[in-house]
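# Coordinate analysis (summary)
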Amino acid sequence: MTALNRIPIAERDVQEEKLPLLQVRGLRTCFESHYGSVTAVNELDLTVYPGEVLALVGESGCGKSVTAMSLMRLVEAPGRIESGQISFDGRDLLTLSTQEMTELRGAEIAMIFQQPKGSLNPVKRIGSQIAEQFERRRGMPHAKAWKLAVGLLERVGIPGAAEKAKAYPHQLSGGQAQRVMTAIALALEPRLLIADEPTTALDVTVQAQILRLLTERCRSHQTALILVTHDLGVVAQVADRVAVMYAGRIVEEAPVETLFANPSHPYTRGLLNAIPRGNHYSESRLEEIPGTVPVLGRNPEGCGFADRCQASYAGRLNQCSTQTPPTTRIAQGHTTRCWIYHSGDAQ
Amino acid sequence: MVYYIIHRILIAIPVILGILLLTFFIKAAIPTDAVTALYEGQVTEGEAAEAIANIRAKYHLDKPWYQQFVIYVSDVARGDLGESIRTRQPVMDEIGYRYVNTLLLTFSALAIGVSVGVLSGVLAAYYKDTWIDVTATTFSLFGISIPAFFFGLVLILVFSVWLRWIPVIGSGWQGLILPAFCLGLIEAAPLSRIARSAMLDVLGRDYIRAARAKGMRESTVLFRHALPNALLAVVTIIGLQVGNLLGGAFIIEVIFGWHGIGELAVQAIQWRDFTITQAVILVGAGTYVLVNLIVDILYAWIDPRINLGT
Ligand SMILES: Nc1ncnc2c1ncn2[C@@H]1O[C@H](COP(=O)(O)OP(=O)(O)OP(=O)(O)O)[C@@H](O)[C@H]1O
Ligand SMILES: [Mg+2]
């Protein structure tokens with residue numbers, strides 16, 4: 001696979017001094033059902049700096065998409081954001097009015113969805129699905145907006161963009177649909193991009209092209225990218241920092257080299273062990289740790305990973321299954337949520 | 001698109017031939033012998049035999065049925081629907097202006113039905129489980145279960161007898177208001193339900209969430225992104241409902257004294273005027289086929305996924 005440009009570590013360290021673009025504190029999103037409440041996102045903290053790529057990884061159902069939706073305030077009933085703060089550029093998104101939030105979406109924070117085909121309106125030409133943002137958000141006349149849309153399609157690598165703009169979504173391949181979604185997300189030059197598994201359904205070449213498109217944008221426009229993915233190969237290639245999510249919580253967060261060199265949380269270790277050795281990261285998936293993801297919300301106390309944890313031993317087990325471990329800082333920019341690293345009195 | 005339209009028209013031709021065949025055989029189904037009906041009370045016993053023979057020849061009744069059918073079809077194609085047995089006037093003269101009246105009534109009703117039905121369905125879906133939804137659902141349940149004639153009588157009672165806003169039998173547009181609303185509101189009921197369920201389906205789709213993520217206003221999301229998709233289901237139903245609408249129009253015309261083909265049909269049946277009955281059925285069925293043709297074309301126009309090449 002094509003290697004993607006990565007900025008050297010020295011340069012990245014400077015980011016610590018930048019002001020964060022997004023700062024999430026104690027975010028909690030629940031779904032009500034007949035069987036009770038399911039906490040899909042729990043006590044979630046997340047910080048994103050301008051121009052960086054933060055990978056959000058975790059196995060299916062751990063709450064990555066719900067986190068992404070929460071950041072956009074697009075969680076739909078029966079889901080609800082219960083508590084927390086989402087501070088974007090100094091403003092708490094959870095206190096904005098509906099109107100203010102609508103104005104912010106697309107223009108400040110944009111999203112690329114997990115299902116590119118399903119996310120395009122089947123009865124609207126793709127050109128107008130891009131152009132409508134210029135028309136409705138920027139008050140541009142149709143002809144001018146259409147021209148900009150065609151320009152964007154060219155930039156995301158759609159051949160024959162002028163003609164293709166007139167096509168309907170069903171006439172696109174999966175890769176083309178994902179490019180169109182990307183063009184839609186980039187249209188209003190947002191400062192934060194949230195990409196929910198943007199490349200899952202695509203073949204390796206197209207996947208690399210789309211990822212390059214996104215990361216180049218981060219470098220050139222100082223756009224921040226939250227990249228939700230299953231794929232540790234992708235993480236190794238493009239991420240600056242990684243947040244590992246398990247059962248609704250972030251269990252470990254670290255710069256990408258640190259995470260691969262020195263994984264601390266037993267879950268992260270399990271993930272990395274599940275990877276075949278060598279550089280064939282792209283084939284690896286996360287679901288290979290024995291045991292199953294716990295049913296969310298059933299066991300609000302204790303560490304969600306306790307049942308599957310290889311590190312849990314007699315002395316710890318009690319605590320592991322009765323008390324949720326706090327977030328512990330183990331190195332510069334490296335935090336983890338595990339009792340092993342929490343020596344009672346420390347921090 | 002042109003190719004698609006031609007294709008649809010070609011498919012409609014055998015259907016129209018079938019209708020012609022059916023109306024042609026209506027004569028046979030009418031209990032009174034056609035020739036007797038023609039001559040009832042007009043000739044004496046003695047003249048009868050010769051006259052009947054003449055008449056049979058004049059109306060080609062002496063020829064085998066398939067020849068009669070060919071003659072019938074070519075007459076219809078020339079716009080000759082025969083003459084009324086009762087008035088001896090060309091059926092075309094009688095049916096022409098009445099057909100216009102019926103179209104006026106059904107299309108006003110359709111306009112009312114579609115706007116009320118679709119709007120209430122859309123709002124019911126958007127405000128699901130609120131009082132708006134409950135109200136819309138209750139009214140549509142009423143609309144579906146109340147027979148047209150009863151609803152018509154209620155409207156007359158309320159607006160003409162009690163409130164005296166509109167004369168019972170009005171003329172011109174005044175006469176159109178009550179029957180059009182009566183038929184339109186009844187038509188709105190099933191459309192509202194279809195629109196609601198189609199909208200509920202569409203509102204749960206990923207592209208609606210994507211439209212919100214683009215920062216589209218709720219009204220834009222609802223009417224520009226969701227509604228066009230939901231309309232696909234509604235348009236199909238409209239085509240099927242036109243049959244109901246025409247059937248309903250017949251009853252409504254009689255109740256409100258609206259001079260359309262429905263009223264004519266009821267009179268014609270009473271007078272055993274089979275040429276008129278035949279013509280009314282032909283025109284009604286032809287309209288149904290035509291409307292469904294238009295609906296098919298409309299559907300292809302809204303939904304880009306339909307392959308127009310076939
Ligand atoms: N509409 C919903 N109703 C009820 N529960 C939901 C709903 N959406 C999500 N959840 C709950 O939230 C949890 C997290 O779902 P989410 O879609 O965020 O997972 P994910 O990490 O994105 O998984 P994947 O990798 O498969 O996309 C699910 O396990 C489910 O229990
Ligand atoms: Mg997901």
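Rules behind the numbers
Residues numbered from 1 in each chain as written. Chains lettered and ligands numbered in written order. Predicted model: local features only at pLDDT ≥ 70, side-chain atom pairs only at ≥ 80, totals over all residues. Heavy atoms only, no water. Domains from an automatic or database assignment. Phe/Tyr/Trp six-rings, centres within 6.5 Å; stacked < 30°, edge-to-face > 60°. Helix = DSSP H or I, 4+ residues; strand = E, 2+ residues; numbered from the N terminus. Buried < 20%, exposed > 50% of the residue type's maximum accessible area, 1.4 Å probe, protein only. Donors = N, O, S within 2.8 Å, 3.2 Å for Na, K, Ca; no water. Contact = heavy atoms within 4.5 Å. Salt bridge = Lys/Arg side-chain N within 4 Å of Asp/Glu carboxyl O. Polar contact = N/O pair within 3.5 Å; in protein donor to acceptor, adjacent residues only side chain to side chain. Nonpolar A, V, L, I, M, F, W, Y, C, P; charged D, E, K, R; others polar. Buried area = accessible area lost by both parts, 1.4 Å probe.

What follows covers the domain arrangement of chain B. Assigned domains of chain B: these are domain 1 (17-77) and domain 2 (91-302). Here domain 1 of chain B and domain 2 of chain B have C-alpha centroids that lie 38 Å from each other.

Here we take up the packing of aromatic side chains. The geometry of two aromatic rings is summed up by the distance between their centres and the angle between their planes. All names here are of chain B. Evaluation of the coordinates by the stated rule reveals eight aromatic pairs over all chains. For the pair Phe25 and Trp65, a centre-to-centre distance of 5.5 Å together with 50° between the ring planes defines the contact as tilted. Of the two residues, Phe25 is situated in the loop between α1 (2-24) and α2 (26-29) and Trp65 in helix α5 (residues 65-77); the sequence distance between them amounts to 40 residues. Considering the side-chain rings of Trp65 and Tyr66, the 6.1 Å spacing of their centres and the 80° angle between planes classify their relative orientation as edge-to-face. For Trp65, a relative accessible area of 48% translates into the label partly exposed.

Our focus in this paragraph is the coordination of the magnesium ion (ligand 2). Metal coordination angles have textbook ideals: 109.5 degrees for a tetrahedral set of four donors and 90 or 180 degrees for an octahedral set of six. Of the protein atoms, only Ser65 of chain A (OG) and Gln114 of chain A (OE1) coordinate the magnesium ion (ligand 2), at distances of 1.9 to 2.5 Å. Residue Ser65 of chain A is located in helix α2 (residues 64-71), and its partner Gln114 of chain A is located in the loop between β6 (109-112) and α4 (126-138); the two are separated by 49 residues in the primary sequence.

In this section: the domain arrangement of chain A. All names here are of chain A. Assigned domains of chain A: these are domain 1 (1-108 + 190-288) and domain 2 (120-185). Listed per partner, the contact involves 16 residues of domain 1 and ten residues of domain 2. Inspection of the region where domain 1 meets domain 2 yields zero salt bridges. On inspection of domain 1 and its partner domain 2, the count reaches four residue pairs in polar contact (both at pLDDT 80 or more). Mapped by element, the contributors of at least two residues to the side of domain 1 that touches domain 2 are α3 (98-104) and α8 (204-221). Residues that form the side of domain 1 that touches domain 2 fall into these classes: ten nonpolar, three polar and three charged.

Here we take up the side chain of Thr275 of chain B. Residues and elements named next belong to chain B. Tracing the sequence through the fold places Thr275 in helix α13 (residues 274-302). One polar contact links Thr275 to Asp273, side chain to side chain, over a distance of 3.1 Å. Apart from residues lying up to four places away in sequence, Thr275 is in contact with Leu81, Glu83, Ser84, Ile85 and Val91.

Right, let's get into the pattern of salt bridges. What the rule picks out here adds up to 21 salt bridges over all chains. Notably, a salt bridge pairs Arg209 of chain B with Glu76 of chain A, separated by 3.9 Å at the nearest N-O pair. Here the residue Arg209 of chain B occupies a position in helix α10 (residues 206-213), and Glu76 of chain A occupies one in the loop between α2 and β4 (79-88), the pair thus bridging two chains. The partner of Asp296 of chain B in a salt bridge is Arg8 of chain B, and the shortest N-O contact between them spans 2.3 Å. Highlighted residues: Asp296 of chain B in helix α13 and Arg8 of chain B in helix α1, separated in sequence by 288 residues. Residue Arg8 of chain B is classed as partly exposed on the basis of its relative accessible area of 21%.

Quick look at the interface of chain A and chain B now. Listed per partner, the contact involves 26 residues of chain A and 18 residues of chain B. Across the interface of chain A and chain B, roughly 2100 Å² is buried in total on both sides, 58% from carbon and sulfur atoms. Broken down residue by residue, the surface that chain A buries against chain B is led by Glu76, Val123 and Arg136 of chain A, which jointly contribute 27%. The residue Glu132 of chain A makes a salt bridge to Lys214 of chain B at a minimum N-O spacing of 2.6 Å. Taken together, the connections running from chain A to chain B amount to nine residue pairs in polar contact (both at pLDDT 80 or more). When residues of the side of chain A that touches chain B are traced back to their parent elements, those giving at least two are β6 and α4 of chain A. Considering every element that reaches the side of chain A that touches chain B, the biggest residue donor is α4 of chain A, with five residues. Tallied by class, residues from the side of chain A that touches chain B come to eleven nonpolar, nine polar and six charged.

Further remarks concern unusual backbone geometry. All names here are of chain A. Here the bond from Ala77 into Pro78 is cis, since omega is 5°, no more than 30 degrees from zero. On the secondary structure map, Pro78 appears in the loop between α2 and β4. Even without a glycine there, the phi angle at Glu43 is positive, about 45°. Checked against the element boundaries, Glu43 lands in strand β2 (residues 36-48). Among the residues examined, Glu43 registers a relative accessible area of 37% and is labelled partly exposed. Its identity as a non-glycine residue notwithstanding, Asp89 has a phi of 55°, on the positive side.

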